[in-house]
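Okay, here's what each chain looks like letter by letter:
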Amino acid sequence: MSTTPLDRAKSIRKGEELNIPQLDAYLRKTIEGFDGISDVKQFPGGFSNLTYLIQSGDKEYVMRRPPFGANIKSAHDMGREFKVLSLLKGHYAKAPFPVVYCTEESVIGAPFYLMDRIKGVVLRASKPPTPLPDADQMQRLSQATIDNLVALHALDIDNTGLIHMGKPDGYTERQITGWIKRYGKAKTDEIPEMEALAEFLAADIPKDVAPAFIHNDYKYDNMILDPGDYGNILAVLDWEMATVGNPLMDLATSLSYWTEAKDSPALKMFNLTSLPGNLSRLEALQRYTESSGRDTSDILYHFVYACYKLAVILQQIYARFARGYTQDPRFGALIHVVKACSTTGKKALELNRIHDLY
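Computed from a predicted structure; not experimentally measured.

For the rest of this paragraph, the subject is the state of the cysteines. Scanning the entire structure with this criterion turns up zero disulfides. Sulfur of C307: no disulfide; nearest cysteine sulfur belongs to C341 and is 6.6 Å away. Classification of C341 by relative accessible area gives buried; the value is 3%.

Written out as structure tokens, the structure is:
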């Protein structure tokens, strides 16, 4: 296996530059002992918040800020993400240590926060390591991923204060109705499968289950792995959508990313779970069920929801491209992934299972 960390920062993309002198002045004033910025680079990948590497001598920080032109008061709330990391501190060892949160938009044009950098491997489907991880490594990684999700869902939401990060009462219904409305606003193409999934989801919304703290975007490329052992998860990243709610929705979201060997190639942009040795979706579900003790008998509904939600998220991004708000060529191809997500959800309904759908 490769032992070269994949989370290497690169040159800053055009149009996403920072005002380094102002940022330097702010950090010197705010962080005790800060020696000044020696270099700034940008981490690749992702369709949401922007991530930069800030170097100060031999110290490294990771900075997160909303994308340029985004609605920073809703979907890209840096303060909320920083608060999540602050609450997790001392209770969950795999969350990066938060350093500083800045609300002064005059510094770089938007709120941002810094956290300590954790070095390791980020396993991206868009840029897999060479050679690929062997079957033993993939098995260990997939097992550790599920075990870590169980641990996350077992956090005491009251004693940690995490309960204040969400509104668990009515969470499931709000998610279903909310994502259906979002699709209506972002719709550009006629996709019969999306209409069928929305009809199914709205027809019989399940009652809320016991709430847990949930990540909502839990997948391999949001983790930092030990370069010598992919079964050792060093950190979990990207907490922007974390909240308190239905843990089955969180599990199902992960399983919607959890592609299998015969799944649509369009879906394999999300994860490397289709590699030999990786647990199948059914095996991942069984491991979660046994380890957590939770009732997962209604996973089909939640999996269909997750496929629909993922399709809507991608549709929202594609709509920006289709309506001329961005020329990023990555966004133009996302309509094919929207269709693949909805087809997967429809197949799950037709076959009454979440695995072996193709």
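Attention now goes to the pattern of salt bridges. According to the stated counting rule, one finds 17 salt bridges in the structure shown. Linking R64 and E81 is a salt bridge whose minimum nitrogen-to-oxygen distance equals 3.1 Å. Linking R64 in strand β3 (residues 59-65) with E81 in helix α2 (residues 78-88), this pair joins segments that are 17 residues apart in sequence. Like R64, the residue E81 is buried in the burial classification. Salt bridges sharing common partners tie together R64, E81, D238 and E240.

Turning our attention to the confidence of the model for the protein chain. Residues of the protein chain with pLDDT of at least 70 account for 95%, and the chain-wide mean is 93. Segment residues 1-5 is flagged for pLDDT under 50; beyond a separation of four residues in sequence, or across chains, it makes 14 contacts in the model.

Running from N to C, helix α5 (residues 192-203) and helix α8 (residues 299-322) point in directions that differ by 135 degrees, and their axes come no closer than 10 Å. Regarding the angle of α5 to α8, the classification is oblique. Taken as a pair, α5 and α8 cross one another with a handedness that is left-handed. Listed contacts from α8 to M194, L197, A198, F200 and L201 of α5 are Y301, V304, Y305, Y308, A311 and V312.

All right, on to the nonpolar core then. The tendency in soluble globular proteins is for nonpolar side chains to be buried side by side. Residues L88, F213, W239, L255 and Y308 are the most contacted members of the largest nonpolar core, which totals 88 residues. In terms of residues, this core owes the most to one element, α8, which gives 15 residues. Discounting chain neighbours no more than four positions away, the residues touching L255 are R281, A284, L285, I299, F303 and I354. In terms of nonpolar packing, the next biggest core, distinct from the first, is built from 19 residues, I31, V40, C102 and L114 among them.

For the coordinates displayed, the defined rule picks out 11 aromatic pairs. Relative to F321, the ring of Y318 lies with its centre 6.4 Å away and its plane at 35 degrees, an arrangement referred to as tilted. Here the residue Y318 and the residue F321 both occupy positions in helix α8, the gap between them amounting to three residues, near one helical turn. You can call Y318 buried: its relative accessible area is 12%. When its relative accessible area of 29% is taken as the criterion, F321 is described as partly exposed. Aromatic ring contacts, followed pair by pair, group F82, Y101 and Y113 into a single cluster. Lying across the ring of W179, R182 places its NZ or CZ 4.3 Å from the centre. Directly above the ring of Y257 sits K219, whose terminal nitrogen or CZ lies 4.8 Å from the centroid.

With that settled, the discussion passes to the side chain of T344. As for its position among the elements, T344 is in helix α10 (residues 334-351). Within the structure, the side chain of T344 is placed 2.9 Å from the side chain of Y358, a separation counted as a polar contact. Not counting residues within four places of it along the chain, the set of residues in contact with T344 comprises L267, F303, C307, L357 and Y358.

Rules used in this analysis
Residues numbered from 1 in each chain as written. Predicted model: local features only at pLDDT ≥ 70, side-chain atom pairs only at ≥ 80, totals over all residues. Heavy atoms only, no water. Disulfide = S-S within 2.5 Å. Buried < 20%, exposed > 50% of the residue type's maximum accessible area, 1.4 Å probe, protein only. Salt bridge = Lys/Arg side-chain N within 4 Å of Asp/Glu carboxyl O. Helix = DSSP H or I, 4+ residues; strand = E, 2+ residues; numbered from the N terminus. pLDDT = per-residue confidence, 0-100. Contact = heavy atoms within 4.5 Å. Axes fitted to C-alpha atoms, helices over the stretch in contact; angles between N-to-C directions. Parallel < 35°, antiparallel > 145°, perpendicular 65-115°, else oblique. Left-handed = near helix turned anticlockwise from the far one by under 90°. Core = buried A, V, L, I, M, F, W, Y, C linked by side-chain atoms within 4.5 Å. Phe/Tyr/Trp six-rings, centres within 6.5 Å; stacked < 30°, edge-to-face > 60°. Lys NZ or Arg CZ within 6 Å of the ring centre and 35° of its normal. Polar contact = N/O pair within 3.5 Å; in protein donor to acceptor, adjacent residues only side chain to side chain.

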